[in-house]
Amino acid sequence: MRKLVPLSILSVFLMSCASLKPNETTQAFAEEPIRYIDLTADSKKGLTERYWVVIKSADPKYPVDAARRGLSGCVDFIVAIDSNGTLGGFKIKKSYPEGVFDKSAAAALNRWKWSASEDNIENAPVLTTIQLNFMVSNSKNKAETEKQCSFSHI
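None of the values given here were measured: they were computed from a predicted structure.

Colleague: Sorry if this is basic, but what is going on with the sheet that holds strand β6 (residues 126-134) here?
Modeller: Paired through their backbone hydrogen bonds, the strands of a sheet run either parallel or antiparallel. The sheet built from four strands is open, its strands ordered β1-β6-β3-β4 with mixed pairing. If you trace the sheet from one side to the other, it starts and ends with β1 (37-38) and β4 (87-96), each paired once. Its contacts with the sheet place helix α4 (residues 102-109) against β3 (73-81), β4 and β6, and it is angled at close to 35° to β3.

Put into C-alpha cells, the structure is as follows:
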C-alpha cells in the first residue's frame, strides 16, 4: 500500500530546499583541497625533516606466515603528513614481496605522529616517502630483498 504525503508538507520541504542560494554550501563542501608540498622525488628525500619531525613511530608486527617461510622484504609508502602532524593518507608505492607485508606495515604507519619543525611555522602539509623494512635472520630471499629494497644489510 502506498502512502500519500500531504501536499502542504511536500511543498514546505521543496520550498526550504529551493530557498538555499547556490553559494550557500555547508562547510564540508566549501573547504579547499589541501595543498601538499611534494617531497616524494629521490632528490628531495632529505627535506622532510625541514618540515616535520617524527615524534612517534611504531614498528610493524612481523607476519607469522612470512617468518615461517623465512621471508624478508619492505613496503615503500607515499605518505601525506597533514597540518596537524598526523597521517593524512598513504599509498603503497612498492612492496616486496608484493602483498606479504602490506597490512602489517600500514597498521604500523597509522600509529605514527609528527611535530612541525621550527622552520615549519605554518604547519605546511607534505607528501613524502617512508619505507618500512622486514628482516628475518637466515632469510631465504636475502639477495633479492637487498636488490628490491633500499638497504644493504639484512
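Colleague: Is there a simple way to think about the layout of surface pockets in this case?
Modeller: Empty pockets left among the atoms are what a rolling probe the size of a water molecule brings to light. Taken as a whole, the largest pocket holds about 180 Å³ of empty space. Those elements giving two or more residues to the lining of the largest pocket turn out to be β2 (52-56) and β6. When the residues that make up the lining of the largest pocket are grouped by side-chain class, the tally is seven nonpolar, three polar and two charged.

Colleague: I keep staring at the packing of aromatic side chains and nothing clicks. Help me out?
Modeller: What describes a pair of aromatic rings is the distance from one ring centre to the other and the angle between the planes of the rings. All chains considered together, the criterion is met by five aromatic pairs. Their ring planes at 85° and their centres at 5.3 Å tell us that Phe-77 and Phe-90 sit as a pair that is edge-to-face. Taken together, the residues span a long stretch of sequence, with Phe-77 in strand β3 and Phe-90 in strand β4 at a distance of 13 residues. What makes Phe-90 partly exposed here is its relative accessible area of 34%. Here Phe-101 and Phe-134 contribute two aromatic rings whose centre-to-centre distance is 4.3 Å and whose plane-to-plane angle is 20°, an arrangement assigned as stacked. Taken as a pair, Phe-101 in the loop between β4 and α4 and Phe-134 in strand β6 lie far apart in primary sequence, 33 residues in all. Using a relative accessible area of 0% as the deciding quantity, one classes Phe-101 as buried. A residue is classified by how much of its surface remains accessible, and Phe-134, at 1% relative accessible area, is buried. Ring pairing ties together the aromatic residues Tyr-62, Phe-101 and Phe-134, which thus form one cluster.

Rules used throughout
Numbering of residues begins from 1 in every chain and follows the order in which that chain's sequence is written. For a predicted model such as this one, the threshold for reporting local features is a pLDDT of at least 70, and the threshold for listing and counting side-chain atom pairs is 80 or more; totals across whole chains, interfaces and linings nevertheless cover every residue. The side-chain figures draw on all heavy atoms in the structure; neither hydrogens nor water molecules are used. The criterion for strand pairing is that DSSP finds at least two bridges linking the strands in question. Secondary structure elements are taken from DSSP: a helix is a run of H or I of four residues or more, a strand is a run of E of two residues or more, and numbering for both begins at the N terminus. When checking whether two residues touch, look at their non-hydrogen atoms; a contact exists if any pair is within 4.5 Å. Helix axes are fitted only over the stretch in contact, all axes being lines through C-alpha atoms; the angle between N-to-C directions runs from 0 to 180 degrees. Cavities and pockets were defined on a 1 Å grid built from protein atoms only: a cavity is a group of points that admits a 1.4 Å probe but offers it no way out, a pocket is an open group of points flanked by protein on both sides within 12 Å along at least five of seven lines, and a lining residue is one with an atom within 4 Å of any such point. Grid points are joined across faces, edges and corners, and a volume is the space filled by probe spheres set on the points. For this classification, the nonpolar set comprises Ala, Val, Leu, Ile, Met, Phe, Trp, Tyr, Cys and Pro, the charged set comprises Asp, Glu, Lys and Arg, and every other residue, Gly included, is treated as polar. Within 6.5 Å between ring centres, the rings of Phe, Tyr and Trp (the latter by its six-membered ring) count as paired, and their orientation is classed by plane angle as stacked under 30 degrees, edge-to-face over 60, tilted in between. Residue burial is assigned from relative accessible area. The probe radius is 1.4 Å, only protein chains are included, and a residue is buried under 20% of its type maximum, exposed over 50%, and partly exposed in between.

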